[in-house]
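# Coordinate analysis (summary)
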Amino acid sequence: MTRFGVALGARPETFAGLPGLGDLVLTATGELSRNRRVGLEIGAGRKLADILASGITAEGVRCARAALDRARAINVELPITEAVCAVLFDGVAPMTAVSALLARDARDESADAGGPLDPRHPS
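Residues numbered from 1 in each chain as written. Predicted model: local features only at pLDDT ≥ 70, side-chain atom pairs only at ≥ 80, totals over all residues. Heavy atoms only, no water.

Another point: the overall build of the protein chain. Looking only at helices and strands, one finds seven helices and zero strands in the protein chain. The order of helices and strands in the protein chain, counted from the N terminus, is α-α-α-α-α-α-α. The buried share among the 123 residues of the protein chain stands at 25%. Contacts in the protein chain between residues at least 24 apart in sequence constitute 41% of all its contacts with a sequence separation of at least 6. (Helix = DSSP H or I, 4+ residues; strand = E, 2+ residues; numbered from the N terminus. Buried < 20%, exposed > 50% of the residue type's maximum accessible area, 1.4 Å probe, protein only. Contact = heavy atoms within 4.5 Å.)

A separate point is the nonpolar core. Core analysis: the largest hydrophobic core is formed by 14 residues, its most contacted members being Val38, Ile42, Leu48, Ile51, Val61 and Leu88. At four residues, the largest contribution of residues to this core is made by helix 6 (residues 79–90). Apart from residues lying up to four places away in sequence, Val38 is in contact with Leu48, Ile51, Ile56, Ala58 and Val61. (Core = buried A, V, L, I, M, F, W, Y, C linked by side-chain atoms within 4.5 Å.)

This next bit is on the pattern of salt bridges. In the structure shown here, the tally under the stated rule is six salt bridges. Measuring nitrogen to oxygen at the nearest pair gives 2.8 Å for the salt bridge that ties Glu13 to Arg11. Accessibility expressed as a relative area gives 48% for Glu13, which makes it partly exposed. Notably, a salt bridge pairs Arg34 with Glu59, separated by 3.3 Å at the nearest N-O pair. Of this pair, Arg34 sits in helix 3 (residues 34–43) while Glu59 sits in helix 5 (residues 59–73); the two residues are 25 residues apart in sequence, bridging distant segments of the chain. For Arg34, a relative accessible area of 42% puts it in the partly exposed group. Counted as one network, the salt bridges with shared partners bring together Glu77, Arg104 and Arg107. (Salt bridge = Lys/Arg side-chain N within 4 Å of Asp/Glu carboxyl O.)

The subject of this paragraph is helix 6. Turn by turn, an α-helix covers 3.6 residues, leaving residues three or four places apart pointing in a common direction. Three or more residues of helix 6 are buried, namely Pro79, Ala83, Cys85, Ala86, Val87 and Leu88. If you follow the buried residues of helix 6, they end up packed against helix 1 (2–7), helix 3, helix 4 (48–53), helix 5 and helix 7 (94–102). Two residues or fewer past helix 6, Gly91 is found with a positive phi of approximately 75°.

Another point: the packing of helix 5 against helix 6. Closest axis-to-axis distance for the helix 5/helix 6 pair is 9 Å, and the angle between their directions is 135°. Put simply, helix 5 runs oblique to helix 6. Crossing handedness for the pair helix 5 and helix 6: left-handed. Within the contact between the two elements, helix 5 uses Val61, Ala64, Arg65, Leu68 and Arg72 and helix 6 uses Thr81, Glu82, Val84, Cys85, Leu88 and Phe89. (Axes fitted to C-alpha atoms, helices over the stretch in contact; angles between N-to-C directions. Parallel < 35°, antiparallel > 145°, perpendicular 65-115°, else oblique. Left-handed = near helix turned anticlockwise from the far one by under 90°.)

Attention shifts here to unusual backbone geometry. Backbone geometry places Asn75, a non-glycine residue, at a positive phi of 65°. Secondary-structure assignment places Asn75 in the loop between helix 5 and helix 6.

Pasting the structure below:
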């Protein structure tokens, strides 16, 4: 999330405060979070179309693909967003997506770790 925001011109410290981490934690844990409710339903085995047909509107569903497309256009890697899109739109099982994320090689995930805005990154 930070890497994407920085690539779009945001300051990295913004994501450490309420607008970044605070919103993420609330979305992931809040009882009123529609995004969380959709995730729990998918985790319980329901299909996205059925969940949405029940009247739940979750901005994360609508924005996930757009965020991934934008990140790819500016050459920013978003592995969690890729996994979310795979589960939401490609029928990938949540455990398969999580396993793939955990199998990734360890690396520096900081916003300035070799990305296009890193001064060490070749232009």
